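Reading the structure
The primary structure of each chain is shown beneath.
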Amino acid sequence: FNSTLTGAQALTLNSGTGTIGFTGTVGTGTPLTTLTITKSGGTTFSNNLSAGTLAIMDGVVGTAVALQGNTTLTTALTTSAGTAAYDVSITGTINTIAGDTNFLNTGIVTLGNSAGDALTFTGGLATTGNVTNPSGTNIAGTVATTNTPMDLGVTTQTTASTIKSGTAAINIVS
């Protein structure tokens, strides 16, 4: 999809095993209320994304839901284990995600891909301690919570990184 997509509406994407790609901005100006990815063979947002909630339900093994532009989610980001080990990456320069974010996908989670990236999870962040957990977490840049807990599974620092949680605990599983 090459154009801008905007409007205070819900949008559900389901391509089965096919890929989904957005090169235009999504939700800029008027954010989507809810964006649900039911299943895909990989979904890429190469530009900015703004929505209330992003719900990722399932993916094809070895594929990724890639948020490459700046991402703003004002309510929540949810991921489900689904039926396959799919990856989730958030690699925009400035990213703000509200709600307590628990990654339940069983592929890899990538938070940032350069030292200048900033990701803030205002309600907390967990890639471990859940019923299902990612197989690994890659971090780059600043990964932060706003005085809320951060629990990371096995974590690889891919470039200069800062982890901060204000006054809350940070736990990293080795």
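The sections below set out a description of the structure shown in this document.

Definitions and limits used
Residues numbered from 1 in each chain as written. Predicted model: local features only at pLDDT ≥ 70, side-chain atom pairs only at ≥ 80, totals over all residues. Heavy atoms only, no water. Helix = DSSP H or I, 4+ residues; strand = E, 2+ residues; numbered from the N terminus. Rg over C-alpha atoms; globule rule 2.2 N^0.38 Å. Buried < 20%, exposed > 50% of the residue type's maximum accessible area, 1.4 Å probe, protein only. Phe/Tyr/Trp six-rings, centres within 6.5 Å; stacked < 30°, edge-to-face > 60°. Polar contact = N/O pair within 3.5 Å; in protein donor to acceptor, adjacent residues only side chain to side chain. Contact = heavy atoms within 4.5 Å. Pairing = 2+ DSSP bridges.

Another point: the overall build of the protein. The secondary structure content of the protein amounts to zero helices and 17 strands. In terms of overall dimensions, the protein is globule-like: its C-alpha atoms have a radius of gyration of 15 Å, near the 16 Å expected for 174 residues. Its C-alpha atoms put the protein at 40 × 35 × 25 Å along the principal axes. Per-residue burial over the protein gives 44% buried out of 174 residues.

Turning to its location among the elements, Gly29 is positioned in the loop between strand E2 (20–22) and strand E3 (32–39). Counting along the chain gives 98 residues from Gly29 to Thr127, while the straight-line C-alpha distance between them is 31 Å.

Under the defined criterion, the tally for this structure stands at three aromatic pairs. Considering the side-chain rings of Phe1 and Phe22, the 5.7 Å spacing of their centres and the 55° angle between planes classify their relative orientation as tilted. Here Phe1, found in the segment before strand E1 (10–14), pairs with Phe22, found in strand E2; they are 21 residues apart in sequence, far enough to count as distant. Since its relative accessible area comes to 48%, Phe1 is described here as partly exposed. On the basis of an interplanar angle of 75° and a centroid distance of 6.5 Å, the ring pair of Phe103 and Phe121 is categorised as edge-to-face. Of this pair, Phe103 sits in the loop between strand E10 (101–102) and strand E11 (108–111) while Phe121 is found in strand E12 (residues 118–121), placing the two residues 18 residues apart along the sequence. The two residues Phe103 and Phe121 agree in class, both being buried. The rings of Phe1, Phe22 and Phe45 are connected pair by pair, giving a single aromatic cluster.

Moving on, we get to the side chain of Asp58. With respect to the helices, strands and loops of the structure, Asp58 is situated in the loop between strand E5 (49–56) and strand E6 (64–67). At 2.9 Å, the side chain of Asp58 and the side chain of Thr83 are in polar contact. Residues contacting Asp58, with those up to four places away along its chain left out, are Ile37, Thr38, Lys39, Ser40, Gly82, Thr83, Ala84 and Tyr86.

A word on the side chain of Thr137. Position of Thr137 among the secondary structure elements: in strand E14 (residues 136–145). On the basis of relative accessibility, which here comes to 2%, the residue Thr137 falls in the buried class.

Before going further, it helps to spend a moment on the pairing of E11. Relative to E11, strand E8 (residues 87–90) is paired through three bridges, and the arrangement is parallel. Its bridge partner lying in E11, Ile90 is registered against Leu111. The pairing of E11 with E14 spans four bridges and is parallel. Paired with Leu111 across the bridge in E14 is Ile139.

This next bit is on the sheet that holds E10. Strand order across the open sheet formed by four strands is E10-E13-E15-E17, with parallel pairing between neighbours. Either end of the sheet is taken by a strand with one partner, and the two such strands are E10 and strand E17 (170–172). Bridge analysis of E10 against strand E13 (residues 125–126) gives two bridges, and the strand direction is parallel. Paired with Asn102 across the two strands is Ala126, which belongs to E13.

Nothing here speaks to function; it is all geometry.
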